[in-house]
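# Commentary on secondary and tertiary structure
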Amino acid sequence: MTEPYSLAAEPWLPVATVEGEREFIRLRDIGRTDLLRIDTGRADCDISVTEFLIGLIAISMGPTDNYDWPDRFETPPTPDEIDAAIAPFARALVLDGDGPRFFQDFENLELLNDAAREPIASLFMETPAGHFVKEGTISALSRRGAALALIALQAGAPAGGRGHRTSLRGGGPSTTLVIPRIGSRAPTLWQLLWANTPEGLKIAPEDAAKVIPWLVPTRTSHNDEITTPAHTHFAQAFFGMPRRIRLTFTPGNGERCAITGDTDAVIVTSYVTRPYGTYYPTHTWPHPLSPYYKSKDKELGEIWLPLHFKVSGVGYRDWIGLTLKSKDDKKEETSLPAHVVSTFLHARAVDIGLKVSVPNSVGLLAAGYAMDKMKPLDFTEAMLPLISTGDKERDYHLAGCATAMVQAAEAASQLLLSALKTALYTDKKKAQPESSKAPLAAARARFWADTENAFYDTLRDLAVKAPDDADAKVYVEAKEAWRAAIRTAALAIFDDLAPIDAPDSPDLKNIVSARSMLFFGLSGPIIWKALGVERPEKAEKKANGTRRKAA
């Protein structure tokens, strides 16, 4: 009989080093300065494990406020300090054995007649439980790999049929991590974790059961009983356990782990599960690492929901909701970046001498699944610039300008697609703009890619100037310059895809007509309205009228 596998003691964390190597370390070693990031081999597991580490740091040694945060950023804790901090929570870090099991149900589900057995592949988003598992897919995990997979599933559990609960942010949630660059250097693993560790979540060991749900019998939801921070502790956001699971451990026989590639004396090929685990209503759990947006519910009224990516790929269309707070015409907030993002921009960056208005001083890693209900479409991950004036009120103005720019770009892309339809498809039924193989989809993607640098350059320039007035001349000029940029990009794409002088042009008349339509549309009221700026000729007429009245 092997000893229980303790994640507090075993080298189970896969990390990337500055030398470009991958190695497995113990929790006590996360402060090493030669480590860069978690490196499981799966992007979804990388993010989920990083989140878990941030949560563990927060409850065991996290800052009580921002005053004690800066010192630890530059001077990571020693291995002995880390050991001492997590020691009170060691019993929550045991993967197998007779006691509480890491991210698994408190009860031994194998003893229950109505429990269902699933292949280990069903722990992963691409192979949900209850579905047929193709031969040749994930068949075995080492204990290291099983721990990584459990974290990822519980953190991002999708809808899985009746009684199979989603994660407390819904299926495949978005996560944003601040990436500080001191002297243009990439942060160490510790600096990455500490930069995103929220303050005020450190707990006493006797409160562990309120935060770590597998230490006590599961709060089940057979009658849709809900679990909110009021029932437990806010820090459970990092340790949510919506799925009732117990891994089945068997002796290894040389099989390689599908995640880590290592062999183990003990492996996992299946698990036992029951429905109706903990039910976390997403609007009641403001996760510190996720952005939120305001929505209207028929019964609850206005609520805040975690942002989910709708399509694979994250670009500047998504930038505002991920980075800055924004307001509507009524001056009410409509989107909120993750708590750690706001905290870093307006407090922590200053504490470590980082000027957020300086280009490339800080970035934002955005990651999550694009979902179609229960089905994951793709895991998307992108590094975005984090641009801020350093002032909360001025950031609202910057967000307002960015929103208008995106709206204008969306309008321009629609004009471009409409013009290309007219030029290229005399039979409009042939056009399939939503198909990934269609020329129109490629044109749309190119438009957003071609205008991305201009978008960020404009905002960086505005962040430095940082006027107090949202209607200041500098914002108007920036919007006018942006209109010219998206106009140039749209016309260039049209000319490439529908050239007038091409020998195989399907219909020259259609091409000329479509380009004319696009040319005038890009200078027309649709774009100016989206920007919230009056057309120059109208503004000039108003000014002339005012001068005449004054005379």
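The model shown is predicted, which means the values in this text are computed figures rather than measured ones.

### Focus: the pattern of salt bridges
For the structure shown, the criterion picks out 26 salt bridges. For glutamate 199, the salt bridge identified is with arginine 348, shortest N-O distance 3.5 Å. Taken together, the positions of glutamate 199 in the loop between helix H5 (189–195) and helix H6 (208–211) and arginine 348 in helix H8 (residues 339–351) put the pair 149 residues apart, joining distant regions of the chain. Between glutamate 477 and lysine 473 there is a salt bridge whose closest N-O contact spans 3.7 Å. Highlighted residues: glutamate 477 and lysine 473, both in helix H11 (residues 473–497), separated by 4 residues, approximately one helical turn. Via salt bridges that share partners, Glu23, Arg32 and Asp34 belong to a single interconnected network.

### Description of the sheet that holds strand E3 (residues 35–38)
The strand order E2-E1-E3 describes an open sheet built from 3 strands, whose pairing is antiparallel. Strands at the two margins of the open sheet, each flanked by one partner only, are strand E2 (22–25) and E3. Adjacent strand axes in the sheet meet at a mean angle of 45 degrees when their direction is disregarded. In this sheet, E2 lies alongside strand E1 (residues 13–17) in antiparallel orientation, the contact comprising 4 bridges. From the neighbouring strand, leucine 13 faces E2, where its bridge partner is isoleucine 25. Of the strands in this sheet, E1 and E3 are in contact with helix H1 (residues 43–61), which crosses E3 at around 110 degrees.

### Some thoughts on the environment of threonine 175
Structurally, threonine 175 is set in strand E6 (residues 175–180). Classification of threonine 175 by relative accessible area gives buried; the value is 3%. It is 7.5 Å that separates the C-alpha atoms of threonine 175 and proline 291, two residues lying 116 residues apart in sequence. When neighbours within four sequence positions are excluded, threonine 175 is seen to be in contact with Ile47, Glu51, Arg169, Leu289, Ser290, Leu365, Ala366 and Ala367. Polar contacts involving the side chain of threonine 175 include one to the side chain of arginine 169, which spans 3.4 Å.

### Section: the confidence of the model for the protein
Of the residues in the protein, 90% reach a pLDDT of 70 or more, and the chain-wide mean stands at 89. For the protein, helix H14 (residues 536–550) is the element with the lowest average pLDDT, namely 48, and E1 is the one with the highest, namely 98. A low-confidence stretch, residues 129–135 (pLDDT under 50), is modelled with 8 contacts involving residues beyond four sequence positions or located in other chains. Scored below 50 in pLDDT, residues 542–551 makes 1 contact in the model with residues more than four places away or belonging to other chains.

### Thoughts on the packing of helix H9 (residues 392–424) against helix H10 (residues 439–465)
At a minimum axis distance of 10 Å, the contact between H9 and H10 shows a crossing angle of 155 degrees. With respect to their mutual orientation, H9 and H10 come out roughly antiparallel. Where H9 crosses over H10, the handedness of that crossing is right-handed. Of the residues that constitute the contact of H9 with H10, the class distribution is 18 nonpolar, 3 polar and 3 charged.

### Regarding a positive patch on the surface
Taken together, the side chains of Lys325, Lys327, Lys331 and Lys392 present a region of like positive charge at the surface. Along the chain, lysine 392 turns up in helix H9.

### As for helix H3 (residues 79–86)
Of the positions making up H3, those classed as buried are Ile82, Ala85 and Ile86. Each buried residue of H3 sits inside an arc of 85 degrees when the element is viewed along its axis, so together they form one side. Exposed residues pointing more than 90 degrees away from the buried face of H3 are listed as Asp80 and Ala84.

### Here's the deal with the sheet that holds E6
Strand pairing within a sheet occurs via backbone hydrogen bonds; the two strands may be parallel or antiparallel. On the basis of which strands lie adjacent, the open sheet formed by 3 strands has the order E6-E13-E14 and antiparallel pairing. Looking at the sheet topology across the chains shown, the edges are occupied by E6 and strand E14 (375–385). This sheet shows a mean twist of 15 degrees between the axes of neighbouring strands, independent of strand direction. Pairing of strand E13 (residues 362–372) with E14, which is carried by 10 bridges, proceeds in the antiparallel orientation. Across the sheet, residue alanine 366 finds its bridge partner in E14, namely alanine 382. Running at roughly 25 degrees to E6, H8 makes contact with E6 and E13 of the sheet.

### Details of a nonpolar patch on the surface
Residues Ile500, Leu508 and Val512 make up a contiguous nonpolar surface patch of about 250 Å² in total accessible area. Locating leucine 508 in the fold gives a position in helix H12 (residues 508–521).

### Concerning the state of the cysteines
In this structure the tally under the stated criterion is 0 disulfides. Just so you know, cysteine 45 is unpaired, no disulfide at all, and the nearest cysteine sulfur is the one on cysteine 257, 9.6 Å from it.

Calculation notes
Each chain carries its own residue numbering, running from 1 in the direction its sequence is written. Since the coordinates come from a predicted model, pLDDT governs what is reported: local features require at least 70, and pairs of side-chain atoms require 80 or more to be given and counted, while whole-chain, interface and lining totals use all residues. Side-chain metrics rest on all non-hydrogen atoms present in the structure, leaving aside hydrogens and water. Salt bridge criterion: a side-chain nitrogen from Lys or Arg within 4 Å of a carboxyl oxygen from Asp or Glu. Numbering of helices and strands runs from the N terminus, with a helix taken as a DSSP run of H or I at least four residues long and a strand as a DSSP run of E at least two residues long. Following DSSP output, two strands are said to pair if at least two bridges run between them. Helix axes are fitted to C-alpha atoms over the stretch in contact, other axes to C-alpha atoms as well, and angles between N-to-C directions run from 0 to 180 degrees. Residue contacts follow a heavy-atom distance rule, with two residues in contact if any of their heavy atoms lie within 4.5 Å. Categorising residues by exposure relies on relative accessible area from a 1.4 Å probe, with only protein chains included: less than 20% of the type maximum marks a residue as buried, more than 50% marks it as exposed, and the intermediate range marks it as partly exposed. The term polar contact refers here to a pair of N or O atoms within 3.5 Å; inside protein, the definition further demands a hydrogen-donor-capable atom paired with an acceptor-capable atom, and it admits residues adjacent in sequence only when both atoms are side-chain atoms. Summary of the metric used: pLDDT quantifies the predictor's per-residue confidence within the range 0 to 100. Roughly parallel here means an angle under 35 degrees, roughly antiparallel means over 145, roughly perpendicular means 65 to 115, and every remaining angle is called oblique. Handedness of a helix crossing follows the sense of rotation of the near helix relative to the far helix, less than a right angle counterclockwise being left-handed and clockwise being right-handed. Asp, Glu, Lys and Arg are counted as charged, while Ala, Val, Leu, Ile, Met, Phe, Trp, Tyr, Cys and Pro are counted as nonpolar; the rest, among them Gly, fall into the polar class. The patches described consist of residues with a relative accessible area above 30% and no salt bridge, like charges being joined within 9 Å and nonpolar side chains (Val, Leu, Ile, Met, Phe, Trp, Tyr) within 5 Å. Every accessible area reported is derived by Shrake-Rupley at a probe size of 1.4 Å, with residue values counting cover from the shown protein chains alone. Under this rule, positive means Lys or Arg and negative means Asp or Glu; His and the chain ends count for nothing. Charged side chains are reduced to one point each, which is NZ for Lys, CZ for Arg, CG for Asp and CD for Glu. It is the directions from the helix axis to the C-beta atoms that the arc portrays. Put simply, a disulfide is two cysteine sulfurs that come within 2.5 Å.

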